[in-house]
Amino acid sequence: MNKIYESTRNNQITSSPSNAIIKGLASDGGLFVLPQLDQILLEMNELKNMDYAMLAQTIFEIFLDDFTKDEIKNCIENAYNHKFSTDQIDPLIKLNDGYILELFNGPTSAFKDFGLQMLPQLMQTALKKNPKDNKILILTATSGDTGKAAMEGFKDVAGIEVIVFYPKDGVSKVQELQMQTQLGKNVRAVAINGNFDDAQSKLKELFNDEDFKQQLLKQKIQLSSANSINIGRLIPQIIYYFDGYFQLVRKKEIKLNEQVNFIVPTGNFGNILAGYYAKLLGLPINKLVCASNENNVLYDFIKTGVYDKNREFLKTLSPSMDILISSNLERLLYYASGKDNEKIEQLMLELTRTGKYSVNGYLFKTIQANFSAGYATNDQCANVIKEIYENEDYLLDPHSAVAYKVLLDSNDLKHKSIVLATASPYKFVKSVYTSLFGPKDADEFELMHELEQKTKTFIPNNLKDLDQKKIIHDEVINKNEMKQYVLEKIKEI
Ligand SMILES: *Cc1c(COP(=O)(O)O)cnc(C)c1O
């Protein structure tokens with residue numbers, strides 16, 4: 001089968017898999033999607049005994065049919081072998097009310113490593129197939145974790161430059177230091193005065209700014225993205241849904257083909273969308289449960305069909321989910337509408353013009369059949385961290401705690417539930433420490449050591465000496481200086 005991706009907004013705008021990875025975003029601002037995805041059904045019986053790498057091989061072969069099997073195999077090996085601190089890269093842990101799938105044992109201690117260890121491999125391979133004179137410039141907005149994971153994944157990769165934009169006061173101290181101290185001559189981070197949505201919206205503008213793109217092309221530079229709008233970042237995230245499910249089967253906690261729920265702490269809708277892709281491919285999922293913090297725009301959407309970002313942007317204990325415009329929702333709308341490109345274009349236009357749109361009929365029914373939603377306030381999040389630690393001796397980070405709270409609130413007694421744990425508690429040590437022991441006037445690194453001693457857990461190696469490392473990236477700019485900033489920096493490339 002020859003698989004061609006198309007834009008969510010226009011089925012005449014198409015791309016091969018490898019070119020979709022190189023481009024990141026379709027030329028009309030839409031996202032690349034595989035139209036045949038909902039016609040492929042995998043046989044669970046054939047997958048159930050596969051290890052992570054074999055599952056990955058199977059899934060990638062579906063999505064990347066212009067890559068050879070060997071190319072895919074090499075990408076998987078380079079991305080995941082010896083990069084994670086646990087033998088099973090996504091360990092499953094049983095607690096009283098459900099299961100935790102730990103996704104934070106990679107090199108930057110957040111689940112973003114699953115996508116961003118793989119994306120550089122895929123992009124390099126894609127570039128070999130489509131030789132370009134141009135250098136690739138990856139511009140990425142981050143709510144904290146993508147930035148570091150992208151810098152780490154792409155450091156010193158030839159032919160690819162990375163600039164990361166993060167909200168100055170919108171990330172934890174540990175997250176900021178992770179980015180500021182990153183080595184690699186082709187990666188940079190810069191803070192902007194604004195929030196994540198400001199950075200992401202501005203970047204989308206730049207991706208559609210012809211003058212900007214022409215200026216880059218003159219210097220033989222073309223743009224790409226490392227956000228989850230890039231399919232090369234999204235596809236790797238499908239695999240752990242399968243792997244988590246089969247771990248449950250092998251532990252005899254569920255029968256093969258028994259339906260489960262996945263509860264996903266959600267911001268840009270990338271992680272949970274990967275779960276929907278897994279479901280389309282045949283993984284027995286009852287509901288994908290979207291867990292939000294107080295920026296609960298997605299909760300409202302799934303409950304009512306109205307998406308309205310016109311509301312105050314709140315800073316919460318789970319900053320990586322402080323997002324009001326969730327990019328990947330567009331891909332769900334595409335599949336749930338029966339691939340109605342025109343409808344998607346119209347909805348996205350409405351979102352740009354008014355900050356709002358609504359869905360009903362078949363589209364909304366399909367969403368409600370596959371998704372449910374819940375949210376947690378800051379107080380609830382802090383209480384869950386304390387409760388689960390005290391009662392079950394398990395330390396949740398604030399993002400995972402939001403999802404765990406949604407699990408505790410759910411009254412689905414029929415299905416087992418898996419909560420995706422997206423970050424190490426040490427990345428958000430101040431919030432975690434305060435939730436457990438009350439506020440303490442100490443810096444984040446003192447708190448890390450205290451947390452380690454008091455809870456008998458371990459600081460991940462990559463976070464240990466962060467405060468001793470040299471700060472390399474410390475620029476701060478305004479959001480309307482982003483274009484100029486990039487044009488300045490490319491002179492040095
Ligand atoms: C990015 C992130 C999320 C949100 O994931 P999306 O794919 O943007 O929905 C949740 N938790 C953590 C720790 C993250 O870094």
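Residue indices begin from 1 for each chain and proceed along its sequence in written order. Only residues with pLDDT of at least 70 are given local features in this predicted model, and only at 80 or more are side-chain atom pairs given and counted; all residues enter the totals for whole chains, interfaces and linings. Where side-chain values are given, they derive from all heavy atoms of the structure, hydrogens and water being excluded.

Structural notes on the pattern of salt bridges
Put simply, a salt bridge is a Lys or Arg side-chain nitrogen that is within 4 Å of an Asp or Glu carboxyl oxygen. One pass over the structure, following the stated rule, counts 27 salt bridges. A salt bridge links K168 to E176; the shortest N-O distance between them is 3.0 Å. Residue E492 is joined to R188 by a salt bridge in which the shortest nitrogen-to-oxygen separation is 2.8 Å. Within this pair, whereas E492 is found in the segment after α23 (482-489), its partner R188 is found in strand β8 (residues 187-193), the two being separated by 304 residues in sequence. Only runs of H or I of at least four residues qualify as helices and only runs of E of at least two qualify as strands under DSSP, and these elements are numbered from the N terminus.

Let's talk about the packing of aromatic side chains
Only centres within 6.5 Å qualify two rings of Phe, Tyr or Trp (six-membered ring in Trp) as a pair; their planes then separate them into stacked at under 30 degrees, edge-to-face at over 60, and tilted for everything else. If you walk through the whole model with that rule in mind, you get 21 aromatic pairs. With a centroid separation of 5.0 Å and an interplanar angle of 75 degrees, the aromatic rings of F114 and Y240 are classed as edge-to-face. Residue F114 is located in helix α5 (residues 112-116), and its partner Y240 is located in helix α12 (residues 236-250); the two are separated by 126 residues in the primary sequence. Feature note: the residues Y52, Y80, F84, F114, Y240, Y241 and F262 constitute an aromatic cluster, connected by ring pairs. Comment: the charge-over-ring label is applied if NZ (Lys) or CZ (Arg) is within 6 Å of the ring centre and within 35 degrees of the ring normal. Note that K129 overlies the ring of F67, its terminal NZ or CZ placed 5.4 Å from the centroid.

Considerations on the site of the ligand
Neighbouring residues of the ligand: 15 residues in total, closest K112, D145, G267, N268 and T422. Definition of a polar contact: a pair of N or O atoms within 3.5 Å, with one able to donate and the other able to accept a hydrogen when the atoms are protein atoms, and with sequence-neighbouring residues admitted only if both atoms are side-chain atoms. One of the side-chain N or O atoms of D145 is found 2.4 Å from an oxygen atom in the ligand. Between a nitrogen atom of the ligand and a side-chain N or O atom of T422, the distance comes to 2.9 Å. Accessible areas in this description were obtained via Shrake-Rupley with a 1.4 Å probe; residue shielding takes into account the shown protein chains only. Burial of the ligand by the surrounding chains reaches 98%, relative to a free accessible area of 380 Å². Nonpolar residues are Ala, Val, Leu, Ile, Met, Phe, Trp, Tyr, Cys and Pro. Charged residues are Asp, Glu, Lys and Arg, and all others, Gly as well, are polar. Here the shell around the ligand is composed, by residue class, of five nonpolar, eight polar and two charged. Throughout, the term near means that a residue has one or more heavy atoms lying within 4 Å of the molecule or strand in question.

Brief notes about empty space enclosed by the protein
Both site types are read off a 1 Å grid over the protein atoms alone. A 1.4 Å probe that fits but cannot get out defines a cavity, while an open set with protein on both sides within 12 Å along at least five of seven lines defines a pocket; lining residues have an atom within 4 Å of a point. Grid points are joined across faces, edges and corners, and a volume is the space filled by probe spheres set on the points. Under the defined criterion, the tally for this structure stands at four cavities of 30 Å³ or more. By volume, the largest cavity is sized at about 280 Å³. In terms of lining, the largest cavity is formed by 27 residues, of which the most central are F111, K112, G267, N268 and S320. When contributions to the lining of the largest cavity are tallied by element, the ones reaching two or more residues are α7 (145-154) and α13 (270-280). Per-element accounting of the lining of the largest cavity gives the leading share, three residues, to α13. The class makeup of the residues in the lining of the largest cavity is 10 nonpolar, 14 polar and three charged.

Re helix α9 (residues 196-207)
In this scheme, a helix's expected span is set at 1.5 Å multiplied by one less than its residue total. The end-to-end C-alpha separation of α9 is 17 Å, in line with the 16 Å expected for 12 residues at 1.5 Å each. Burial classes: relative accessible area under 20% of the type maximum marks a residue as buried, over 50% as exposed, and values in between as partly exposed (1.4 Å probe, protein chains only). Taken together, the buried positions of α9 are F196, D197, A199, Q200, K202, L203, L206 and F207. Note on contacts: a residue pair is in contact if any heavy atoms of the two residues lie within 4.5 Å. Buried residues along α9 sit against β6 (135-141), β7 (160-167), β8, α10 (210-218), β9 (221-224) and α23. Regarding α9, its N-cap is N195, as a side-chain oxygen of that residue lies 3.0 Å from the backbone nitrogen of D197 further along.

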